[in-house]
Amino acid sequence: MSVQSQQKNEHSVGDRDSVEKFGVDVSFQPVVADPKHKFDVASIDLVQRRLKQRHVQMIAIAGTLGTGLFLGSGRALSGAGPVGALLVYALVGTVAYSSLCSLGEMTCHAPISGTFPHFAARWVDPAFGFAVGWNYYYTMAMSIPVEISGAQLLISFWDNDTNHVAIYTAVISCLVILINVFGVRWFGEAEFGFALIKLSLITGLILAGLVIDLGGAPDHQQLGFQYWKNPGVLAGAGLVPKHIGLDRFLGILSVLVQAGFSFEGMELVAVAASETENPRRNIAKAVRRVFYRICVFYLLGIFITGLLVPYNDPDLLQTTGNAAQSPYVIAMNRAGIKVLPGIINAGVLTSAFSASNSYLFCSSRILYGLSLRGQAPRIFAHCTSSGLPIVAIGFTGLFAFLSLMNVSSGSETVFNWLVNLTAVGGFFTWASISLTYLFFYRGLRAQGIGRKERLHYWNPLQPGLAIWGLTWCTFFILINGFAVFWSFDASEFLTAYINIPIFFGLYTCWKIIKRTKVWKPKEMDFVTGIPPPEETESPESPPTTFWRKVAAVLF
């Protein structure tokens, strides 16, 4: 037998062993894209996998629990009423979950830098990936100063001296940047600690709310469902008061953006995939547990909120920016509980700091991924010897100091306008993920690649979930500024809808400049630059002790 024949046979045996070990069908002929698309960037992608399983699981469980839920639930309650708010959060929760399921499948196939903007460029159209990437980068980067400003407002609960605002803002900004500069391991440890605090806070609030509702507070007043009877379960928007049913429906629509903001950031787990140990296994576990997190923390939290305070409570309509506007704090003050509001404010302050920390991590990695593939200046792909994209972090960290614009009243108006532009950015992100998945799903089927055999995570409800997510996100984007048509204001109209021409402008410009095309199903590349499972996954060691088994269930 010749040497070449022997090598060929050995290679075939190796392939069969790989099939038996990882369940991968290698019988199909893979499509390899033109190198000009820069799908294979392994030689210049220098980030390292340092996030452990417990980091990823805690980020997935509590990563998005923040001011949007702790404080924003009050705005949702006053805008739509207890049942209206619950319905909106349930609907938006299903949309967020459907998008995460779609992203989970694609990430388990390709746990690489660039994440879903690269998936969009790889399986839909390079111009679409460019638009998705820069839209998401702007949304996340502008969310950094938003959360830092929120953290500063929370500090005003204890110190309302306006002369100290700039100092607190600058200190928080520097701390957020430092945590990210120290490296992904420090980021993971910080988020692990923050997640424990947030989980303790939301669990404590739910339990405290139940105690108050059932009459266990110092005033021993049993609330029950009395606020569902008076003033009622649905609030009106006040736009068409003569038509009560329509006005209540508009009230529900009015809190969609607020609910979307509460769920924003669920994709953080996928963004971190390229820096996660055993990414396919850990991402799959994280996505599977998100459904229960939405049901327990978001929906149960909103349900309890609706029992504690009537939607027309005057204290609920105040915008203090700190824990005083939380329905839980309002209920505790009414019930005679004096100590807990300060503790809640401290917990919410932690969540705001955690959110700004996460947004800096997300946006810097998106910028790094765009740079790797020539869709952003090459300098942003520079990494330190420890695999830290320091230039991308440093540049994105500068956005944190935009929070200082809130110090002066003139610049505050500009800052708020910029912030409002990001309000529907999350819906664009979810819609693009769902659309990308539909192309991904169609390409796999056209090339005879089985999802069950090749993916560590797959959802039997696909592609229905992706269609559901795309449909509702399109609806949310189109109606998010509907109130402006009752009393037209040019500034509010631009704030609500400027994202649409910006997104399609980015897409059109890149398409014209680069002359890109939409990928046909049989042209999609599912192999180039994607590490095989044997390269990313290590054997899983089953827990042996009691506490390790408990940790395995939790994390």
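Predicted model only: the values in this text are computed from it and were never measured.

Draft legend 1. How the structure looks around the overall build of the chain. Along the chain, the regular secondary structure elements total 24 helices and 0 strands. For the chain, the residues scored as buried account for 55% of the 555 residues in total. Working note: accessible area of the chain is about 23,700 Å², and carbon and sulfur atoms make up 64% of it.

Draft legend 2. Broad picture of unusual backbone geometry. Going from Asn230 to Pro231, the amide bond is cis rather than trans, its omega being 15°. In this fold, Pro231 is placed in the loop between helix 9 (226-229) and helix 10 (244-253). Going from Gln462 to Pro463, the amide bond is cis rather than trans, its omega being 5°. Of note in this structure, Asn278 is not a glycine but carries a positive phi near 45°. Here Asn278 is to be found in the loop between helix 12 (268-271) and helix 13 (279-308). The backbone of Arg515 shows a phi angle near 55°, a positive value even though the residue is not glycine. Positionally, Arg515 belongs in the loop between helix 22 (499-514) and helix 23 (533-536). Since its relative accessible area comes to 75%, Arg515 is described here as exposed.

Draft legend 3. Region of the structure containing helix 22. The end-to-end C-alpha separation of helix 22 is 22 Å, in line with the 22 Å expected for 16 residues at 1.5 Å each. Of all the positions in helix 22, only Asn499, Phe503, Tyr507 and Trp510 are classed as buried. When helix 22 is viewed along its axis, its buried side chains cluster within an angular range of 75° and face the same direction. In helix 22, the exposed positions that point more than 90 degrees away from the buried face belong to Ile512 and Ile513.

Draft legend 4. View of helix 2 (residues 53-62). By the criterion of burial, helix 2 is predominantly enclosed, with 8 of the 10 residues buried. Regarding helix 2, the residues found buried are His55, Val56, Gln57, Met58, Ile59, Ala60, Ile61 and Ala62.

Draft legend 5. View of the packing of aromatic side chains. Counted under the stated rule, the structure contains 36 aromatic pairs. By the ring-pair criterion, three or more aromatic residues cluster together here, those being Phe119, Trp123, Tyr437, Phe440, Tyr441 and Phe526.

Draft legend 6. Summary view of the environment of Ile172. Mapped onto the secondary structure, Ile172 falls in helix 7 (residues 165-181). Along the chain, Ile172 and Phe401 lie 229 residues apart, while their C-alpha atoms are 9.6 Å from each other.

Draft legend 7. Structural view of the pattern of salt bridges. On inspection of all chains with the given rule, the structure shows 9 salt bridges. Residue Asp525 is joined to Arg122 by a salt bridge in which the shortest nitrogen-to-oxygen separation is 3.7 Å. Highlighted residues: Asp525 in the loop between helix 22 and helix 23 and Arg122 in helix 5 (residues 115-123), separated in sequence by 403 residues. Overall, the relative accessible area of 1% leaves Asp525 in the buried class. Measuring nitrogen to oxygen at the nearest pair gives 3.8 Å for the salt bridge that ties Arg185 to Glu189. Remark: Glu189 and Arg185 occur in helix 8 (residues 184-213); sequence separation between them is 4 residues, near one turn of the helix. By relative accessible area, Arg185 is classed as partly exposed at 37%.

Draft legend 8. Here's a closer look at the side chain of Ser99. In this structure, Ser99 sits in helix 4 (residues 72-109). Not counting residues up to four positions away in its chain, the partners in contact with Ser99 are Trp430, Ile433 and Ser434.

Draft legend 9. A look at a nonpolar patch on the surface. A contiguous nonpolar surface patch, about 640 Å² in accessible area, is contributed by Ile167, Val171, Leu175, Leu178, Phe182 and Trp186. When residues in the nonpolar patch are grouped by element, the largest group, 4 residues, is from helix 7. With respect to the helices and strands, Leu178 occurs in helix 7. Assessed through its relative accessible area of 41%, Leu178 is described here as partly exposed.

Draft legend 10. Inspection of the packing of helix 4 against helix 11 (residues 256-263) at higher detail. Two elements in contact, helix 4 and helix 11, have axes whose closest approach is 8 Å; the angle formed by their N-to-C orientations is 60°. When the axes of helix 4 and helix 11 are compared, the pair comes out oblique. Considering how the two elements wind past one another, helix 4 and helix 11 form a crossing that is right-handed. Across the interface between the two elements, Gly72, Arg75, Ala76, Val88, Tyr89, Val92, Gly93 and Ala96 of helix 4 pack against Leu256, Gln258, Ala259, Gly260, Ser262 and Phe263 of helix 11. Of the residues that constitute the contact of helix 4 with helix 11, the class distribution is 8 nonpolar, 5 polar and 1 charged.

Draft legend 11. Region of interest: the environment of Ile144. With respect to the helices and strands, Ile144 occurs in helix 6 (residues 126-155). With a relative accessible area of 0%, Ile144 lands in the buried category. Remark: the alpha-carbon pair of Ile144 and Phe401, spanning 257 residues in sequence, is separated by 9.0 Å. When residues no more than four places from it in sequence are discounted, the contact partners of Ile144 are Ser356, Tyr359, Leu360, Ser363, Thr396 and Ala400.

Draft legend 12. Spotlight on the packing of helix 8 against helix 15 (residues 340-372). One can describe the packing of helix 8 onto helix 15 by two numbers: an axis separation of 9 Å at closest approach and a directional angle of 145°. Here helix 8 and helix 15 pass one another in a crossing that is left-handed. For the pair helix 8 and helix 15, the contacting residues are Val184, Phe187, Ala190, Glu191, Phe194, Ile197, Lys198, Leu201 and Leu205 in the first and Ile344, Gly347, Val348, Thr350, Ser351, Phe353, Ser354, Asn357, Ser358, Phe361 and Arg365 in the second. Considering only residue class, the contact of helix 8 with helix 15 consists of 11 nonpolar, 6 polar and 3 charged.

Draft legend 13. Region of interest: the confidence of the model for the chain. Confidence in the prediction of the chain, expressed as mean pLDDT, is 84, and 89% of residues score 70 or more. Ignoring residues within four places in sequence, the model shows residues 1-27, a span with pLDDT below 50, making 16 contacts including any to other chains.

Draft legend 14. Representation of the side chain of Gln152 in the model. Of note, Gln152 is situated in helix 6. Contact partners of Gln152, with chain neighbours within four places excluded, come to Val165, Tyr168, Thr169 and Ile172.

About the criteria used
Residues numbered from 1 in each chain as written. Predicted model: local features only at pLDDT ≥ 70, side-chain atom pairs only at ≥ 80, totals over all residues. Heavy atoms only, no water. Helix = DSSP H or I, 4+ residues; strand = E, 2+ residues; numbered from the N terminus. Buried < 20%, exposed > 50% of the residue type's maximum accessible area, 1.4 Å probe, protein only. Areas by Shrake-Rupley, 256 points an atom, 1.4 Å probe, with all protein chains shown as cover. Expected span 1.5 Å × (residues − 1). Arc of directions from axis to C-beta. Phe/Tyr/Trp six-rings, centres within 6.5 Å; stacked < 30°, edge-to-face > 60°. Salt bridge = Lys/Arg side-chain N within 4 Å of Asp/Glu carboxyl O. Contact = heavy atoms within 4.5 Å. Patch = residues over 30% accessible without salt bridge, like charges linked within 9 Å, V, L, I, M, F, W, Y side chains within 5 Å. Axes fitted to C-alpha atoms, helices over the stretch in contact; angles between N-to-C directions. Parallel < 35°, antiparallel > 145°, perpendicular 65-115°, else oblique. Left-handed = near helix turned anticlockwise from the far one by under 90°. Nonpolar A, V, L, I, M, F, W, Y, C, P; charged D, E, K, R; others polar. pLDDT = per-residue confidence, 0-100.

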